[in-house]
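These are the residues of each chain, in order.
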Amino acid sequence: MENSNQSVPNRFFLLGLSTVPHLQVLGFLVFVVIYIITLSGNCLLLFTVRISPKLHTPMYFFLSNLAFIDICFSSTILPVILVNTIYKDKSISVGGCVIQMFCALLLGATECVLLSVMSYDRFAAICRPLHYSSIMNMRFCIILALIPWIAGFVNSSIQVPITWRLPFCRSHHINHFFCEVPAFLKLSCRDPLLNEIAMYTAAGTIVLFCFLLTFISYVYIISTLLKLRSSQGKQAAFSTCVSHLTVVTLYYGTIMFNYTQPRSSQPRESSKTVSVLYTVVIPMLNPVIYSIRNKDVKKCIRQTLQRKV
């Protein structure tokens, strides 16, 4: 432990996505646009759900939670990317790195579990419509909304301390754009086998359990939809399900790629590219996917804008 403390520097250096000047300028502009879309889209979704009584249902309650997580997630990652892109000093303090790593793990795992909770909500709405209001009562919805946060907090509370017990004497330059656990394991001059086992176990448990719950929910949902006689009802239900499955596939797939591959077989550049997808792109896509494909949300947004005008 004493050697470990001596090998932790005062600051680390984030190498970012590219060192080519014109690509850095282009990347800065792209990430500014993405951040604006992410914040405006998720804030608009939160605002619309908040002021529209028609949207005060369990589905939009969980969707509001997802929007809040995406705002926090992107705000944990994107400002650091933007600052490191325009400034020559790409360093980050140890405290800042610890906080960013903790928040990223917390929010990432929370969103992962919340997506499976949302699939259960769709299962209850489509497969148990007569009992939906009694099943998804407000108390149960609050409990379901707290479970993802508890799971994310436990995950971060385990992963972050054991990561920072490693001696980082190989290098203090992180070939990444934020403080992510897999990138730090490559800096350790001690074999991080136990850390890798803990990381694989946590990622496998959370992602596979959530994927299994989502898969089972949608097996029942699809079998129920196929029995519906109303083509309009099928289309509306399928539209909602396709939106959710799109987000789930993108999110679970990218996280599994980064957190369950052996360290030696994972190319650094592909790891960074995949990280961009679930930390930057998906938080931007979530409100777009759910809003554009949802008639109720679009209608409430139009009515809100018309009242304002």
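Relevant structure appears above.
In this text, all values refer to a predicted model and were calculated from it rather than measured experimentally.

Asker: It is not clear to me how a positive patch on the surface should be interpreted in this structure. Could you clarify?
Answerer: A contiguous patch of positive charge, built from Lys-295, Lys-298, Lys-299 and Arg-302, is present on the exposed surface. With respect to the secondary-structure elements, Arg-302 resides in helix H11 (residues 295-308).

Asker: I tried to follow the environment of Leu-82 on my own but got confused; where do I start?
Answerer: Positionally, Leu-82 belongs in helix H3 (residues 58-86). You can call Leu-82 buried: its relative accessible area is 13%. Distance from Leu-82 to Val-30, taken between C-alpha atoms, is 10.0 Å for residues 52 residues apart in sequence.

Asker: Where do I start with empty space enclosed by the protein in this structure?
Answerer: To locate leftover empty space, one rolls a probe as large as a water molecule over the atoms. One pass over the structure, following the stated rule, counts four cavities of 30 Å³ or more. The computed volume of the largest cavity comes to approximately 280 Å³. Secondary-structure elements contributing two or more residues to the lining of the largest cavity are helix H4 (94-127), helix H6 (138-163), helix H8 (193-226), helix H9 (231-259) and helix H10 (268-292). Within the lining of the largest cavity, the residues separate by chemical class into 18 nonpolar, four polar and one charged.

Asker: Any chance you could explain the state of the cysteines here in plain terms?
Answerer: Any covalent bond linking the sulfur atoms of two cysteines counts as a disulfide. Throughout the structure, instances matching the rule amount to one disulfide. In this model Cys-97 forms its disulfide with Cys-179; the gap between the sulfur atoms is 1.8 Å. Measuring the twist about the S-S bond at about -110 degrees, one finds the Cys-97-Cys-179 disulfide to be left-handed. Here Cys-97 is found in helix H4, whereas its partner Cys-179 is found in the loop between strand E3 (173-174) and helix H7 (181-185), with 82 residues between them in sequence. The buried category is assigned to Cys-97, whose relative accessible area is 0%.

Asker: Just checking my understanding: could you explain the pairing of strand E1 (residues 11-14) for this structure?
Answerer: Look at any regular strand and the pattern is simple: side chains alternate between the two faces of the sheet. Side chains Phe-12 and Leu-14 of E1 all project onto a buried face; the interleaved residues Arg-11 and Phe-13 project onto a face where none is buried. Alignment of E1 against strand E2 (residues 91-93), held across three bridges, turns out to be antiparallel. The partner of Phe-13 across the bridge, within E2, is Ser-91.

Asker: Please clarify how the sheet that holds E3 should be interpreted in this entry.
Answerer: Sheet strands line up and pair through hydrogen bonds in the backbone, either parallel or antiparallel. Pairing within the open sheet is mixed, and its three strands lie in the order E2-E1-E3. Looking at which strands have only one partner, the edges of the open sheet turn out to be E2 and E3. Direction of pairing for E1 relative to E3: parallel, over a ladder of two bridges. When the sheet's bridge partners are listed, Leu-14 is paired in E3 with Ile-174. Against the sheet, H4 engages E1, E2 and E3, with an angle of about 80 degrees to E2.

Asker: Help me understand the layout of surface pockets in this model?
Answerer: What the second largest pocket holds in volume is close to 250 Å³. Mapped onto the lining of the second largest pocket, the elements with two or more residues apiece are helix H2 (21-51) and H3. No other element matches the seven residues that H2 contributes to the lining of the second largest pocket. Broken down by class, the residue content of the lining of the second largest pocket amounts to eleven nonpolar, seven polar and one charged.

Asker: Just checking my understanding: could you explain H4 for this structure?
Answerer: Structurally, the α-helix is built with 3.6 residues per turn, so residues lying three or four positions apart point the same way. Compared with an ideal rise of 1.5 Å per residue, which puts 34 residues at 50 Å, H4 spans 49 Å between its outermost C-alpha atoms and is within 8% of the ideal. Of all 34 residues making up H4, 26 are buried, and the element is well covered by its neighbours.

About the cut-offs
Residues numbered from 1 in each chain as written. Predicted model: local features only at pLDDT ≥ 70, side-chain atom pairs only at ≥ 80, totals over all residues. Heavy atoms only, no water. Patch = residues over 30% accessible without salt bridge, like charges linked within 9 Å, V, L, I, M, F, W, Y side chains within 5 Å. Areas by Shrake-Rupley, 256 points an atom, 1.4 Å probe, with all protein chains shown as cover. Salt bridge = Lys/Arg side-chain N within 4 Å of Asp/Glu carboxyl O. Lys, Arg positive; Asp, Glu negative; His and termini not counted. Charge placed at Lys NZ, Arg CZ, Asp CG, Glu CD. Helix = DSSP H or I, 4+ residues; strand = E, 2+ residues; numbered from the N terminus. Buried < 20%, exposed > 50% of the residue type's maximum accessible area, 1.4 Å probe, protein only. 1 Å grid on protein atoms, 1.4 Å probe; cavity = no way out; pocket = protein on both sides within 12 Å on 5 of 7 lines; lining within 4 Å. Points joined across faces, edges and corners; volume = space filled by probe spheres on them. Nonpolar A, V, L, I, M, F, W, Y, C, P; charged D, E, K, R; others polar. Disulfide = S-S within 2.5 Å. Pairing = 2+ DSSP bridges. Contact = heavy atoms within 4.5 Å. Axes fitted to C-alpha atoms, helices over the stretch in contact; angles between N-to-C directions. Expected span 1.5 Å × (residues − 1).

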